[in-house]
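Report on the structure
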Amino acid sequence: MFIPHPLPLLLALAQGTGPLQPNEMLSIPGGPEVAVLRTAASEVVSFRVSVPLREEGAEAGAGYLLAMEADERMQELAGRIGARAEAERTPQAIVYRVSGPVTELDFLGWILREGMGPPPLNGMEAMLERLRVEHDRRLETPRGVLAARLRAALVPAASSVFGTAGSLERMDRTRLADVWDRTHLRGMVRVVAAGGIPSELILLLVNDLGLRDAPVGAPVAAGEETGSPLPDPEVIRHWIAEAYPLLAGDEAGALVAARFLGEEYDTVGGDFEVGVEIWETGGRTVLVVTGAAYGRSQEAMEGRLERMFEDAAARISEDDVERLSDALRTDVLMSGRTPWGLAEIVGQAWDAGRGGTDRLLTALDGIGAIEVIGLLGALDRATPLREELHP
Amino acid sequence: MSWLTLPAALLVLGGALPGTVADGSRIHPGTATLQHVQDPVRPPTPYAASVLDTDPEARILAVSILFPAGSSRDPVGREGTAALLASVLRLQARGALGRHQAALETELSENDLLVTLLTPYDAWREAIITLEMLLYEAPLSQTAFAGARSEILEVLAFESGAPVRAFELERARLLLGPDAWGARPILGSPDALASITLADLETFRATHLRTEGATLAAHGPVEAAELASLLSSDIEELSERSRAGRRSEAPPGSGEQLPPAPLLLHLGPHVETEIPPPGARPAAWEEGKRILVDRELTSSWISAAFPFPRETPDLLLQFLAHLVREELTPVPPERGLFHADASTMEIEGAPVLVLTASIDPQITLAWEERLVGVMGRMAVEPPDGAFFGLAKRRFRTQALLELALPEARVEWMARRRAAGLPHSPDLVGEIWGLNRSAVMRTAELAGPAHVIVYGPRAMMGP
């Protein structure tokens, strides 16, 4: 069902020194800040440029649309020399990524410059229509609706990065241009560079990105969200989703617990599905449990969910915690074995606003069963936010 | 498609998950009980060759060990032995390497077995010790054996009757000969697998997984002296990036600032690749063959394989394959084409370029003509001007992005070393030295193709 993905959470948390700490921080007067990670043996360089973006009200979805359009443009250019390039909307930012040979540095800079440039005058309507269809499709599914409801309950003031029916209906080029204009600024952007090239060349590339010091156009009022009803999709099973907000400091234990629960429910028999995820939404970290069952198994599923944390606390062993924390640590280190993976780890942590990743690696190294059992006990006693869908 | 030269009938058997084991411990089959030993395991004899590319900034140590024994060494009637052993090692590694947050992959072909270890910088010694215990000493686990056999049987069941596998077998029989080992399924058969015992695997391991024939390649933040003492082998250093006196326990990225790496600009200097002289004869075969296998399917497969002289440089052949692949797979894709690819292989050390296409049966014969004629076209009219330049840049990017993966880099190092090819070549310079004339002259050297057409004969049209 849902698969716990620890990476965004891992990257948000740690501070300190270690293998994932940048080798160098370059501060350019007026910005941007640049984190440099050296990979001496690699002939490949990767750049990750993030443009922090928080949308208000009727802007919801603008960043996603800008990223979608930029992604198409960047991939077309990158294909000419076989480079890797993409743009993506994350919870915190629009992220532009390129990787390729050091010998193609100029071309890589060009791909970034074109991708980060202002939205084009033509072609946005088709993309906006795609986004509207994606949005509607998402809300036709029980997962999509439950996620939207939980998100709205957890962080009422936050807009959905995918947009809402209301915001997408009113989205236009003017609004998109305004969101781009006020965010793609020198002082706001963050750059991570990973590779074996001199800092001077990194600075040259960054200076050539075409970033401005201040917005050019007159600001467009964000506009209030007019309200977008969340539909009740037709379902043939009973669906439940429960959200447990976590405290700062719980995260290492939560990751281990989520993995343990995920393993347990991979092997559960019976007629129903259970899943565990960790979300980062609106600056909050949340453990989300979901279940889906046909009528004949609904009671069994609900009973299972009710006992989930208590049962896990009773079963989890020191060996389990050691194995799972080792696996999580391995995941992080292995994902950083390439220049683009390394840039991503450091960049994600930076975007989340909590410094480096190494502290979490240390926390995972030292965590024991007692901490995880304590967390499971606290989750068991907590009252979650709960949403349901029934046939 | 990997630009690395692949031996015939390559099969990747997948990855591993970490488990638990303490340093210097023995693993008892079927249990998690560990017993500490005083001395770490040493292989009985040094490796035939050991090469190291030191990267002080790497966060991961990657190690590949290439054993020159693959599925062709399966005992008669026990086909699948090597595949089963490779799977057992992988599964057993989950329980042994996980404490060191290391991961193990195995890759089996007709001719060799590649074992690749990835381990974080701060656990590499323990991981290597554990790896060598697994490969050479620790009893094979009954649990892993049962799990591996079950996995392979599932794969065989899933692929049973799969047209693409049948096509690949027919192609292997055409290229290698009907009785060649490469023409037999690497995974064996359910009957053969049922007859293989754990003792058979132990025998295979003891016979074929030996250091004296194996090549080891490593890349990461280790010093040659440290690695040499652990392996009891001489280590050949491919680079001078190791820093004398560097604290081996310090994590990469902390402490001193490294001097910036030299900038690799290849806008001018390049390395010329030597081409075999005109008239050099193809090595794998001298006369082409064509077979048509009539099967009631919804798509057709075609393969055209071209032999080249033994001295044909691998890089040039890879580049030629790249150009052909781009010609066959334009964007947007052609109507009726489901998939096309070009790759290189070796048949008893002789290079062969293999083209494959999966198409709508109605355009089969047109595509056969197209594949068979491609070398002729490349010999006369390869891409030129800016198109050639861009194709070369794409080839270079593809190669370098692939080698940015530590596991791909050590595999590449191990295979080159085992083949006696030069160490640490100036790959960027060599690629930049590829020119249109070299492509044309190489394409001229292609011998007559072996062609297999596989699909519904009644539906094939012009």
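Residues numbered from 1 in each chain as written. Chains lettered and ligands numbered in written order. Predicted model: local features only at pLDDT ≥ 70, side-chain atom pairs only at ≥ 80, totals over all residues. Heavy atoms only, no water.

All names here are of chain B. Packing of helix H1 (residues 81-97) against helix H2 (residues 124-136) brings their axes to within 10 Å, and their N-to-C directions diverge by 140 degrees. Where H1 crosses over H2, the two elements pack in a sense that is right-handed. Of H2, the residues touching H1 (which contributes Leu-89, Gln-92, Ala-93, Ala-96 and Leu-97) are Ala-127, Thr-130, Leu-131, Leu-134 and Leu-135. For the contact of H1 with H2, the per-class residue count stands at 8 nonpolar, 2 polar and no charged. (Axes fitted to C-alpha atoms, helices over the stretch in contact; angles between N-to-C directions. Helix = DSSP H or I, 4+ residues; strand = E, 2+ residues; numbered from the N terminus. Left-handed = near helix turned anticlockwise from the far one by under 90°. Contact = heavy atoms within 4.5 Å. Nonpolar A, V, L, I, M, F, W, Y, C, P; charged D, E, K, R; others polar.)

Moving on to the pattern of salt bridges. Residues and elements named next belong to chain A. Summed over the entire model, instances satisfying the criterion amount to 50 salt bridges over all chains. Notably, a salt bridge pairs Glu-24 with Arg-38, separated by 2.8 Å at the nearest N-O pair. With a gap of 14 residues between them, Glu-24 in strand E1 (residues 24-27) and Arg-38 in strand E2 (residues 33-38) connect regions that are remote in the sequence. Salt bridges here are not isolated pairs; linked through shared partners, they connect Arg-48, Glu-86, Glu-88, Arg-97, Arg-190, Glu-344 and Asp-351. (Salt bridge = Lys/Arg side-chain N within 4 Å of Asp/Glu carboxyl O.)

Residue and element names in this part refer to chain A. One open sheet holds the 4 strands; their spatial order is E8-E9-E7-E10, and the pairing between them is antiparallel. Each having just a single partner strand, strand E8 (272-281) and strand E10 (385-389) make up the two edges of the open sheet. Pairs of neighbouring strands in the sheet enclose a mean axial angle of 15 degrees, with direction left out of account. In the packing of helix H10 (residues 298-315) onto the sheet, contacts are made with strand E7 (238-245), E8, strand E9 (284-293) and E10, and the angle to E9 comes to roughly 150 degrees. (Pairing = 2+ DSSP bridges.)

What follows is about the packing of helix H8 (residues 314-328) of chain B against helix H11 (residues 385-403) of chain B. All names here are of chain B. It is the contact of H8 with H11, at a shortest axis distance of 10 Å, that shows an interaxial angle of 115 degrees. With respect to the hand of their crossing, H8 and H11 are arranged in right-handed fashion. Contact residues: Leu-315, Gln-318, Phe-319, His-322, Leu-323, Arg-325 and Glu-326 in H8; Phe-388, Ala-391, Lys-392, Arg-394, Phe-395 and Gln-398 in H11.

Another aspect to go through is unusual backbone geometry. The residue after Gly31(A), namely Pro32(A), is reached through a cis peptide bond having omega -5 degrees. Structurally, Pro32(A) is set in the loop between E1 and E2. For the bond from Val331(B) to Pro332(B), the omega torsion is 0 degrees, close enough to zero to count as cis. Its location among the elements puts Pro332(B) in the loop between H8 and strand E12 (337-347). Of note in the backbone geometry, Glu348(B) takes a positive phi value of approximately 50 degrees without being a glycine. Tracing the backbone through its elements, the reader meets Glu348(B) in the loop between E12 and strand E13 (350-359). Using a relative accessible area of 76% as the deciding quantity, one classes Glu348(B) as exposed. (Buried < 20%, exposed > 50% of the residue type's maximum accessible area, 1.4 Å probe, protein only.)

The partner chain A presents 43 residues to the 42 residues of chain B that form the contact. With both sides pooled, the region where chain B packs onto chain A buries about 3700 Å², and carbon together with sulfur makes up 61% of that total. Here Glu43(A) makes a salt bridge to Arg409(B), at a shortest N to O gap of 3.1 Å. Viewed at the interface, chain A and chain B are joined by 9 residue pairs in polar contact (both at pLDDT 80 or more). Going through the elements one at a time, strand E7 (113-120), H11 and helix H12 (406-418) of chain B are the ones with two or more residues in the side of chain B that touches chain A. It is H11(B) that contributes the most residues to the side of chain B that touches chain A, 7 residues altogether. (Buried area = accessible area lost by both parts, 1.4 Å probe. Polar contact = N/O pair within 3.5 Å; in protein donor to acceptor, adjacent residues only side chain to side chain.)

Quick look at the confidence of the model for chain A now. Of the residues in chain A, 90% have a pLDDT of 70 or more, and the chain-wide mean is 86. Across residues 1-16 of chain A, where pLDDT falls below 50, the model places 66 contacts with residues more than four positions away in sequence or in other chains. (pLDDT = per-residue confidence, 0-100.)

It is worth spelling out the environment of Val220(A) at this point. Residues and elements named next belong to chain A. Tracing the backbone shows Val-220 in the loop between helix H8 (199-207) and E7. As a C-alpha pair, Val-220 and Val-161 span 59 residues in sequence and 19 Å in three-dimensional space. In contact with Val-220, other than residues within four places in its own chain, are Thr-174, Arg-175 and Asp-178.

Sheet strands pair via backbone hydrogen bonds, and the direction of the pair is either parallel or antiparallel. Residues and elements named next belong to chain B. Ordered in space as E10-E14-E11-E13-E12, the 5 strands form an open sheet in which the pairing is mixed. Each edge of the open sheet is held by one strand with a lone partner, namely strand E10 (289-294) and E12. Taken over all neighbouring pairs, the strand axes of this sheet differ in orientation by 10 degrees on average, direction set aside. Bridge analysis of E12 against E13 gives 10 bridges, and the strand direction is antiparallel. Within the sheet, the bridge partner assigned to Ser-343 lies in E13 and is Val-354. Seen against the sheet, helix H9 (residues 364-372) touches E10, strand E11 (300-307), E12, E13 and strand E14 (450-455) and runs at an angle of roughly 15 degrees to E11.

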